[in-house]
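# Architecture and fold: a report
Given next are the chains, with one letter for each unit.
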Amino acid sequence: MAGENHTTLPEFLLLGFSDLKTLQGPLFWVVLLVYLVTLLGNSLIILLTQVSPALHSPMYFFLRQLSVVELFYTTNIVPRTLANLASPHPQAISFQGCAAQMYVFIVLGISECCLLTAMAYDRYVAICQPLHYSTLLSPRACMPMVGTSWLTGIITATTHASLIFSLPFPSHPIIPHFLCDILPVLRLASAGKHRSEISVMTATVVFIMIPFSLIVTSYIRILGAILAMASTQSRRKVFSTCSSHLLVVSLFFGTASITYIRPQAGSSVTTDRVLSLFYTVVTPMLNPIIYTLRNKDVRRALQHLVKRQSPLP
């Protein structure tokens, strides 16, 4: 029977990087090192923004939430990726495990989109409407913004995961990837795929292009405010407060857009894996480094924390 070859199976096979055996060993140590730096960097941001009174503003509240997302994001992906890299053979993942990984992956990815948009709004209000900053970004306003970010991620993930994993899959599903990402899993389904692809592309436009457009709009208005300033020193000071966020936005939305919006006809399995490795492993490491190195307040808080913990001579 045709239906017997397309049933809901207990496991998928993650190809990972098993076809690139010479790279698996070096890649394992690189990914492990990046993961450890990611854990340390984001944990440090969370600690600093929690204990330092100078970092108790809405901007650092959003930064702390972003670091929480990054910690969960990488922990959802990297440990299994390391296990795959340590093995010369593709590793199996259960149907439920694959669905859970994709679900968490979508929740955190969408939440990060929304948080980066909220951080752009924070910079817009601080620069363009400073007299209303305490009102527009009070704790009562910030908490619902964070809650909406998580809720949006949960709703999107529930819709996508339930739709994708209700499709029939072949009898021996092999995912040519190191994680259960949306597009690689969707390509395995033989029926109902067109409907799911429409849903995926719609969500991509809504949750990548619309947040990105809102961020661009915020920075266009910020740029107008900067150009209206008479003092060059004031311009530089204002721009420096936005540069870290702009760099993080460029990394996140740049890699996400290339991965999910570019034409699939011109893509390859290797290219997809390299891009995914960058935005799931490397980018979460870079974010705390960017905010630490380019932000004077964070550097001061770190120095103060180190001095407090250092024993007296």
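Being a predicted model, the structure only gives us computed values, none of them experimental. (Residues numbered from 1 in each chain as written. Predicted model: local features only at pLDDT ≥ 70, side-chain atom pairs only at ≥ 80, totals over all residues. Heavy atoms only, no water.)

### Observations regarding the UniProt feature "transmembrane region" (unreviewed entry) in the protein chain
The UniProt record annotates "transmembrane region" (unreviewed entry) at residues 27–49, 61–82, 102–121, 142–165, 205–230, 242–262 and 274–293. Helix makes up 100% of residues 102–121 and strand 0%, and the two end C-alpha atoms of the span are 29 Å apart. End C-alpha to end C-alpha, residues 274–293 measures 26 Å, and it is 100% helix and 0% strand. (UniProt positions renumbered as here; feature names shortened; annotations may be inferred. Helix = DSSP H or I, 4+ residues; strand = E, 2+ residues; numbered from the N terminus.)

### Let's talk about the confidence of the model for the protein chain
Averaged over all residues, the pLDDT of the protein chain equals 83, while 88% of them reach at least 70. The low-confidence segment residues 1–8 (pLDDT under 50) makes 9 contacts with residues lying over four places distant or belonging to another chain. (pLDDT = per-residue confidence, 0-100. Contact = heavy atoms within 4.5 Å.)

### Describing the pattern of salt bridges
One pass over the full model with this rule turns up 1 salt bridge. Residue D122 is joined to R123 by a salt bridge in which the shortest nitrogen-to-oxygen separation is 2.8 Å. Assessed through its relative accessible area of 9%, R123 is described here as buried. (Salt bridge = Lys/Arg side-chain N within 4 Å of Asp/Glu carboxyl O. Buried < 20%, exposed > 50% of the residue type's maximum accessible area, 1.4 Å probe, protein only.)

### Section: the state of the cysteines
In this structure the tally under the stated criterion is 1 disulfide. Paired through a disulfide, C98 and C180 show a sulfur-sulfur distance of 2.1 Å. Sign of the S-S torsion, about -125 degrees for the bond between C98 and C180, identifies this disulfide as left-handed. Here C180 lies in the loop between β3 (174–175) and α6 (182–186) and C98 lies in helix α3 (residues 95–128), a separation of 82 residues in the sequence. For the pair C98 and C180, one class covers both residues: buried. Considering cysteine sulfurs only, C114 is the nearest to C113, which forms no disulfide, with 6.5 Å between them. The class of C113 is buried, set by a relative accessible area of 4%. In this structure C242 is a free cysteine whose sulfur lies 8.8 Å from that of C128, the closest cysteine sulfur available. (Disulfide = S-S within 2.5 Å.)

### A word on the environment of A120
Mapping A120 onto the fold places it in helix α3. The exposure class assigned to A120 is buried, which follows from its relative accessible area of 0%. Each C-alpha atom of the pair A120 and C242 lies 8.4 Å from the other, and the pair is 122 residues apart in sequence. Residues within four places of A120 in sequence aside, it is in contact with I215, S218, Y219 and H245.

### Some details on the sheet that holds strand β2 (residues 91–94)
Across the sheet, which stays open at both edges, the 3 strands sit in the order β2-β1-β3 with mixed pairing between neighbours. A single partner strand is all that each edge strand has here, and the edge strands are β2 and β3. Both strand β1 (residues 11–14) and β2 contribute to a ladder of 4 bridges, which runs antiparallel. Bridging from a neighbouring strand, E11 pairs with S94 of β2. Docked against the sheet, helix α2 (residues 58–86) engages β1 and β2, running at close to 150 degrees with respect to β2. Contacts between α3 and the sheet are confined to β1, β2 and β3, with β2 contributing the most and set at about 80 degrees to the helix. (Pairing = 2+ DSSP bridges. Axes fitted to C-alpha atoms, helices over the stretch in contact; angles between N-to-C directions.)

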